[in-house]
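Examination of the molecular architecture
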Amino acid sequence: MSSSTTVRTFRRRTLRVAAAALTAAAALTLTACSDSDAAGTKPPGQSDTGVSAESGGTGSSPKAQGSDAPPSAPAKADTEAGAAGKQSGKQSGSAHAANGGKAASTVRTQRLADGISTAEITKLGDQHYRAKIVARGSVLATLETKGHDDGLDANDMFVTLTLDGQVHSWMGGGHQGPGTFKLAGGWTAKVTKVGELKFRAQIIGHDGVAATLETKGHDVGLNANGVYIVLSSGGVISAHA
């Protein structure tokens, strides 16, 4: 081989090596650029929570806003708060049911026939009322409807409480039983003694016995078509229209 041929061959090998070196350098450069983009470099002044440090959000630090919590933590907190609210509502409803469903409320206060006493009337339910007889700040007696009217003889002042919460009172007009007595409104009362502090009164109208009152250790009352009747545990009966 001649010397000129040897020189040309060497030059071709040198050019191939140089080209290979340039290709490798270019590949390294592209790889470095790709790694830099994948690192997600952020501009200065921008936090990991996505709130600008200059804007300040609501004034709390990024950590206070929960930047360290995993993405599912806020949703879990909301779920727990909702469950707590529902549980609180259930407890409130249970307490409400334990108190009887409906709270008792005072309907009104009414002056009675003696001019001194008052009746404090409270509604407890459907056709269920209570009336406290109060004089000079003291409760003297209590009337309550439980499926029937109630009545009271308070030292010759007679009081009735009806199923619809109406209170009627009057003074005097009592008859001491046993016996048969004419009452207001055309009624007749036949009073008999059936035991100690136990009297029975048959309320008789044009068609016979319309109702029966019986004391069992306490006074009783009745609304007989707008005529109010009280029978005391001592056998005294009085009526007022």
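Owing to the predicted nature of the structure, the values given are computational and were not obtained by experimental measurement. (Residues numbered from 1 in each chain as written. Predicted model: local features only at pLDDT ≥ 70, side-chain atom pairs only at ≥ 80, totals over all residues. Heavy atoms only, no water.)

For the chain, the count of helices and strands is two helices and 15 strands. The proportion of buried residues among the 241 residues of the chain is 25%. Sequence-distant contacts in the chain: of pairs separated by 6 or more residues, those separated by 24 or more amount to 31%. (Helix = DSSP H or I, 4+ residues; strand = E, 2+ residues; numbered from the N terminus. Buried < 20%, exposed > 50% of the residue type's maximum accessible area, 1.4 Å probe, protein only. Contact = heavy atoms within 4.5 Å.)

What follows concerns the nonpolar core. Burial of nonpolar side chains together is a common tendency in soluble globular proteins. Core analysis: the largest hydrophobic core is formed by 17 residues, its most contacted members being Leu 183, Ile 203, Ile 229, Leu 231 and Ile 237. Those elements that place two or more of their residues in this core are strand 10 (188-195), strand 11 (198-205), strand 13 (220-224), strand 14 (227-231) and strand 15 (236-240). Among residues more than four places away in sequence, those in contact with Ile 237 are Gly 173, Gly 174, His 175, Phe 181, Leu 183, Ala 189, Val 191, Ala 201, Ile 203, Ile 229, Val 230 and Leu 231. Membership of the second largest hydrophobic core comes to 13 residues, among which are Leu 112, Ala 119, Ala 131 and Val 167. (Core = buried A, V, L, I, M, F, W, Y, C linked by side-chain atoms within 4.5 Å.)

A separate point is the pattern of salt bridges. Applying the stated criterion across every chain yields a total of four salt bridges. Measuring nitrogen to oxygen at the nearest pair gives 4.0 Å for the salt bridge that ties Glu 144 to Lys 146. Given the relative accessible area of 58%, Lys 146 is considered exposed. Two residues, Glu 214 and Arg 200, come together in a salt bridge whose shortest N-O distance is 2.9 Å. One end of the pair, Glu 214, is in strand 12 (residues 208-214); the other, Arg 200, is in strand 11, and 14 residues separate them in sequence. The exposure class of Arg 200 is partly exposed, given its relative accessible area of 29%. Ionic contacts of the salt-bridge type, sharing partners, join the residues Arg 130, Glu 144 and Lys 146 into one network. (Salt bridge = Lys/Arg side-chain N within 4 Å of Asp/Glu carboxyl O.)

On to the environment of Arg 111. With respect to the helices, strands and loops of the structure, Arg 111 is situated in strand 1 (residues 105-111). In this structure, the C-alpha to C-alpha distance between Arg 111 and His 168, residues 57 residues apart in sequence, is 10.0 Å. Excluding residues that lie within four positions of it along the chain, Arg 111 makes contacts with Ile 116, Ser 117 and Thr 118. Engagement of the side chain of Arg 111 in a polar contact is seen with the backbone oxygen of Ile 116, the distance being 3.2 Å. (Polar contact = N/O pair within 3.5 Å; in protein donor to acceptor, adjacent residues only side chain to side chain.)

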